[in-house]
Amino acid sequence: MANSFQILPSILAADHGRFVEEAQTVDIPEIEYLHIDVMDGHFVPNITFGPQVVASLKKHTRFRLDVHLMIENVDRYTPAFAEAGADIITIHQEAGPHLHRSLALIRDCRARAGVALNPATPLESIRWVLDAVDLVLIMSVNPGFGGQKFIPAALQKIAELRAIKEREKLSFIIEVDGGVDAKTAPQVWSAGAEFLVAGSAVFGKTDRPGAAREIIAAVERAQQRGQSRLV
Ligand code: DX5
Ligand code: ZN
């Protein structure tokens, strides 16, 4: 559906001592997926957690799990994250030399395969793997930390990706991650994004359902104003 979108709360911005309880605070019908940021201290200058946290969230919550790997040596860890219950595993284009092989491994492990692009990485770099992905993640901040400012150049990148998707009748999901809030969400939706990751704009607030609904309402207002997608 051309207008469809959803908000994916990122647990990076939650209390890391209580992931399951934190996830349950966003257990509202509008939320289908949790976004889970895995960082290794090499690919990005921050460290989070491994497959055990994914397995706990799978076991104790009802959410589908969108796992964003900001790590090197992805092939070594893909089977463990799939086994832990990741529904989508997204790897970075910049993280290794054999992107096509790494994406194929994710599908072999029965997860959906995503590829993420840092702000400086061109769309052209994934041109020849677009038929091997289920999701493309456009980073709208430099990966590693929550709470950063949205980089506006991401909007044109999303619009160009959406144009490629329509032109070539491809079915991958377009996701955007970083600095998404009630102000930027209508803009990224309008540019063509479908999965909108929001970390601090949801888990940084006391009323998490209210915060998620505020972002959803902001996009719906843009839709009602007749603000169409750019493409
Ligand atoms: C950044 C992570 C994001 C992060 C977004 O490296 O990939 O998923 O949680 O956080 P906010 O929404 O606060 O920018
Ligand atoms: Zn992320």
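Anything mentioned here points back to the structure above.
Below or above, wherever it landed, is the structure these notes cover.

### Observations regarding the overall build of the chain
1) Next: When you go through the chain residue by residue, the secondary structure sums to 8 helices and 8 strands.
2) Next: Computed over its C-alpha atoms, the radius of gyration of the chain comes to 16 Å, within 12% of the 17 Å expected for a compact globule of 231 residues.
3) Next: Along the first, second and third principal axes, the C-alpha atoms of the chain reach 45 × 40 × 30 Å.
4) Next: Residues counted as buried form 55% of the 231 residues belonging to the chain.
5) Next: Of the contacts formed within the chain by residues at least 6 apart in sequence, a portion of 67% connects residues at least 24 apart.
6) Next: With the model as given, the accessible surface of the chain reaches about 10,400 Å², and the carbon-plus-sulfur share is 50%.
7) Next: Put simply, the chain has 24 plus and 28 minus side-chain charges, and the middle of one group is 4 Å from the middle of the other.

### A word on the pattern of salt bridges
1) Next: One pass over the structure, following the stated rule, counts 12 salt bridges.
2) Next: Between Glu168 and Arg167 there is a salt bridge; the shortest N-O distance is 3.7 Å.
3) Next: For Glu168, a relative accessible area of 30% translates into the label partly exposed.
4) Next: The network of salt bridges with common partners includes Arg162, Lys165, Glu166 and Glu194.

### Looking at the coordination of the zinc ion (ligand 2)
For a metal bound by four donors in a tetrahedral arrangement, the ideal donor-metal-donor angle is 109.5 degrees, while six donors in an octahedral arrangement ideally sit at 90 or 180 degrees.
1) Next: Looking at the metal site, the zinc ion (ligand 2) is ligated by His35 (NE2), Asp37 (OD), His68 (ND1) and Asp177 (OD), spaced 2.0 to 2.3 Å from it.
2) Next: One way to put it: the 6 donor atoms around the zinc ion (ligand 2) meet at angles of 71 to 169°, and that makes the site octahedral.
3) Next: Spacing between the donor residues of the zinc ion (ligand 2) along the chain follows H-x1-D-x30-H-x108-D. In this pair, His35 sits in strand S2 (residues 33-39) while Asp177 sits in strand S7 (residues 173-177), placing the two residues 142 residues apart along the sequence. Grouping residues by exposure puts His35 and Asp177 together as buried.

### Concerning the side chain of Glu194
1) Next: Note on placement: Glu194 falls in the loop between helix H6 (185-191) and strand S8 (195-198).
2) Next: Among the polar contacts listed, one links the side chain of Glu194 to the backbone nitrogen of Ile174, at a separation of 2.6 Å.
3) Next: Ignoring sequence-local partners within four residues, the contact set of Glu194 consists of Ser4, Phe5, Gln6, Arg162, Lys165, Phe172, Ile173, Ile174 and Arg229.

### Comments concerning the environment of Thr48
1) Next: When you line up the elements, Thr48 lands in the loop between S2 and helix H2 (51-60).
2) Next: If we skip the residues at most four places from it in the chain, Thr48 touches Leu12, His16, Asp37, Val38 and Met39.

### Quick look at the site of ligand 1
1) Next: Surrounding ligand 1, one finds 20 residues, the nearest of these being Ser10, Asp37, Gly144, Asp177 and Ser200.
2) Next: At 2.8 Å from an oxygen atom of ligand 1 is found a main-chain nitrogen or oxygen belonging to Gly147.
3) Next: The backbone of Gly179 places a nitrogen or oxygen atom 2.8 Å from an oxygen atom of ligand 1.
4) Next: In isolation ligand 1 has 380 Å² of accessible area, and contact with the protein removes 98% of it.
5) Next: For the shell around ligand 1, the secondary structure elements donating two or more residues are S2, strand S3 (64-70) and S8.
6) Next: Element by element, the count of residues in the shell around ligand 1 is highest for S2, at 3 residues.
7) Next: Classifying every residue of the shell around ligand 1 by side-chain character gives 8 nonpolar, 10 polar and 2 charged.

### Some remarks on the pairing of strand S5 (residues 112-117)
1) Next: Burial analysis of S5 places 5 of its 6 residues in the buried class, the great majority of the element.
2) Next: Pairing analysis gives 5 bridges linking strand S4 (residues 88-92) to S5, with the strands arranged parallel. Residue Thr90 lies in a different strand from S5, and its bridge partner there is Gly114.
3) Next: Following the backbone out of S4, through helix H4 (residues 99-108) and into the adjacent parallel S5, one traces a crossover that is right-handed.
4) Next: Note that S5 and strand S6 (residues 135-139) share 4 bridges and pair parallel.

The rules behind the values
- Residues numbered from 1 in each chain as written.
- Chains lettered and ligands numbered in written order.
- Predicted model: local features only at pLDDT ≥ 70, side-chain atom pairs only at ≥ 80, totals over all residues.
- Heavy atoms only, no water.
- Helix = DSSP H or I, 4+ residues; strand = E, 2+ residues; numbered from the N terminus.
- Rg over C-alpha atoms; globule rule 2.2 N^0.38 Å.
- Buried < 20%, exposed > 50% of the residue type's maximum accessible area, 1.4 Å probe, protein only.
- Contact = heavy atoms within 4.5 Å.
- Areas by Shrake-Rupley, 256 points an atom, 1.4 Å probe, with all protein chains shown as cover.
- Lys, Arg positive; Asp, Glu negative; His and termini not counted.
- Charge placed at Lys NZ, Arg CZ, Asp CG, Glu CD.
- Salt bridge = Lys/Arg side-chain N within 4 Å of Asp/Glu carboxyl O.
- Donors = N, O, S within 2.8 Å, 3.2 Å for Na, K, Ca; no water.
- Tetrahedral: all angles 85-135°; square planar, octahedral: opposite > 155°, others 65-115°.
- Polar contact = N/O pair within 3.5 Å; in protein donor to acceptor, adjacent residues only side chain to side chain.
- Near = heavy atom within 4 Å.
- Nonpolar A, V, L, I, M, F, W, Y, C, P; charged D, E, K, R; others polar.
- Pairing = 2+ DSSP bridges.
- Right-handed = clockwise from strand over helix to strand, strands pointing away.

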